[in-house]
Amino acid sequence: MMHYERSKSQVFQVPSALAVAQTAPDANRFGECICILTRRWKGSIYKLVWRNLLLYYALYYMLTILHKFILDEDGQKTFVALAKYCSRNENSFNFMIMLGFFTSTAMQRLFSMQTMMPGTAKVIGCFTLAIKPNMPEGPFIVEQFARWTVIAWILTFRLVSKPLRDLYPDMFSLQTAGILRDKERLILERVEADAENSTPRPLVAIDWMLLLLKETSTHNRFAEKSSHLKLVEAVLAFKKSCGNTIKFGTHNIPHALIQAAIIMVYAFGLLTLMARNLEDDGDEDNHLANNIISYFPILPSMQFFIFLAWLKFGRAAVNPFGTDETDIDIKRLLKTHIQDSLRLTRLYTQNLEDFFGTMPQHQYNETDVIHL
């Protein structure tokens, strides 16, 4: 059976809210906690770029040592001329336009992906409340429909999320977890083995859901006849969301665009390594300034790392289902959907009296039954 235990500290906390709380600051206290927010390490920009920062400064000091202590007089003149040329041309290219285009494209795809992610609660809840109450076979039908919905969700996100593929590497692992039955596993494995069949596994599970709706309608198990068509529309909307998610995983941002953005940012970083004004006109103040520039590249590195942070953020948005701290926690999201499915299926056999005892309107319900 699908079951995940919660710790006592999480009993009254929604898992999706916990996932957000781990990475997102409190928006209501943003102005109050600005100092705490800028010092935060987990999920911060410092954690993304600190390795690049160390490498940048190491290369910068190596070039400084090369200029001051290794090169002869002619070599130093060549170094100064090259540094002057790089300093003069480092701002001749508008890197921000290309980097902004890449980042905005990645963020737009991320926003679209977040808004079209399939949810299971609406489909399961509508089905649970649409069939006739107190049927002996009712709990089994509801449990089967809910389980197939969760299976379709898992199979969809296995295609785009490496952590979920690691958690469930094959169909047998899903059966071991109690999510798949033996016959269902064999059907899905045959679908995958059939070279002529291009139907993704998630859509096969959704076909099972549609067939279950057909059987339920045929045997007059819906409380209202119109519920059948409404549920078919809900399942097809769920299928569309799953299909859009699959498209997201198979048709990503072109690699050429990502490569161009990476090459552009790191080429600019190499350019700023050499971009220094080292001409010595004999002035003591200018000599002091040259020494400062040689060992403390604050301004050159600041612009480069702004671009680098922008690039890192765009690359993280390209694959929001990875293993980074800022990515969507698919494993926690899966637990949320499984817990929701279990809770919603129990609604079929539950009433308000099970939670609150005798309700004030209960006497009127009995009166209505007597008049009928």
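Per chain, the residues get numbers from 1 upward, laid out in the order the sequence is written. The predicted nature of this model means local features are confined to residues of pLDDT at least 70 and side-chain atom pairs, given and counted, to a pLDDT of 80 or more, with totals for whole chains, interfaces and linings taken over all residues. Working from all heavy atoms in the structure, the side-chain values ignore hydrogens and water.

S.K.: Describe the side chain of R201, naming the residues involved and giving the relevant values.
M.R.: Helix and strand labels come from DSSP, where a helix needs a run of H or I of at least four residues and a strand needs a run of E of at least two; each type is numbered from the N terminus. On the secondary structure map, R201 appears in helix α11 (residues 201-218). We define a polar contact as two N or O atoms separated by no more than 3.5 Å, with the added condition that, inside protein, one atom must be a possible hydrogen donor and the other a possible acceptor, whereas residues neighbouring each other in sequence contribute only through side-chain atom pairs. Polar contacts involving the side chain of R201 include one to the main-chain carbonyl oxygen of L188, which spans 3.4 Å.

S.K.: Please set out the pattern of salt bridges residue by residue, giving values where relevant.
M.R.: One speaks of a salt bridge when a side-chain nitrogen belonging to Lys or Arg is within 4 Å of a carboxyl oxygen belonging to Asp or Glu. Scanning all chains against the criterion turns up 11 salt bridges. Ionic pairing is found between D166 and K162, a salt bridge with its closest N-O pair at 3.1 Å. Here D166 and its partner K162 are both found in helix α8 (residues 162-167), four residues apart, which amounts to about one turn of the helix. Measuring nitrogen to oxygen at the nearest pair gives 2.9 Å for the salt bridge that ties R343 to D340. Separated by three residues within a single helix, R343 and D340 lie in helix α16 (residues 330-346), roughly one turn from each other.

S.K.: Please give an account of a nonpolar patch on the surface that cites residues and values.
M.R.: The patch calculation keeps residues exceeding 30% relative accessible area without a salt bridge and links them within 9 Å when they carry like charges or within 5 Å when they are nonpolar (Val, Leu, Ile, Met, Phe, Trp, Tyr). Surface exposure here means Shrake-Rupley accessible area, sampled with a 1.4 Å probe, where a residue is shielded only by the protein chains that are shown. Together, Y61, F296, I298, L299, M302 and I306 make up a nonpolar patch on the protein surface, roughly 650 Å² of accessible area in all. When residues in the nonpolar patch are grouped by element, the largest group, four residues, is from helix α15 (residues 298-318). Secondary-structure assignment places L299 in helix α15. By relative accessible area, L299 is classed as exposed at 67%. Using a 1.4 Å probe on the protein chains alone, a residue whose accessible area is under 20% of its type maximum counts as buried, one over 50% counts as exposed, and one in between counts as partly exposed.

S.K.: With reference to specific residues and values, describe helix α10 (residues 182-193).
M.R.: Between the first and last residue of a helix there are one fewer steps than residues, each counted as 1.5 Å, and that sum is the expected span. Between the first and last C-alpha of α10 there are 17 Å, a value that for 12 residues agrees with the 16 Å anticipated at 1.5 Å per step. It only takes one pair of heavy atoms within 4.5 Å for two residues to be counted as in contact. The elements touched by buried residues of α10 are α7 (138-158), α9 (171-176) and α11.

S.K.: Before we move on, can you summarise the packing of helix α6 (residues 121-130) against α16 with the specific residues and values?
M.R.: To obtain each axis, a line is fitted to C-alpha atoms, and for helices this fit is confined to the stretch in contact; angles are then taken between N-to-C directions over 0 to 180 degrees. Look at α6 against α16: their axes get within 9 Å of each other, and the N-to-C directions meet at 15 degrees. In terms of axis orientation, α6 runs roughly parallel to α16. Seen along the crossing, α6 lies across α16 with a hand that is right-handed. Judged by residue contacts, A121, I124, G125 and T128 of α6 engage S341, L344 and T345 from α16. Following the grouping adopted for this structure description, the nonpolar residues are Ala, Val, Leu, Ile, Met, Phe, Trp, Tyr, Cys and Pro, the charged ones are Asp, Glu, Lys and Arg, and the polar ones are all others, Gly among them. Each residue belonging to the contact of α6 with α16 can be placed in one class, and the counts come to three nonpolar, four polar and no charged. Note that the term roughly parallel is reserved for angles under 35 degrees, roughly antiparallel for angles over 145, roughly perpendicular for angles of 65 to 115, and oblique for everything else. Two helices that cross are described as forming a left-handed crossing if the nearer one is turned anticlockwise from the farther one by less than a right angle, and a right-handed crossing if clockwise.

S.K.: Just give me the short version of the nonpolar core, but keep the residues and values in it.
M.R.: In this description, a nonpolar core means a group of buried Ala, Val, Leu, Ile, Met, Phe, Trp, Tyr and Cys residues linked to one another through side-chain atoms lying within 4.5 Å. Grouped together as the largest cluster of nonpolar side chains are 48 residues, with contacts concentrated most on F127 and I154. Contributing elements (two or more residues each) for this core: α6, α7, α9, α10, α11, α12 (226-250) and α16. For F127, the residues in contact, after removing those within four places along its chain, are I141, V142, F145, L213, T216, F222 and L231. Counting 30 residues, the second largest nonpolar core, distinct from the first, contains F102, F268, A275 and L311.

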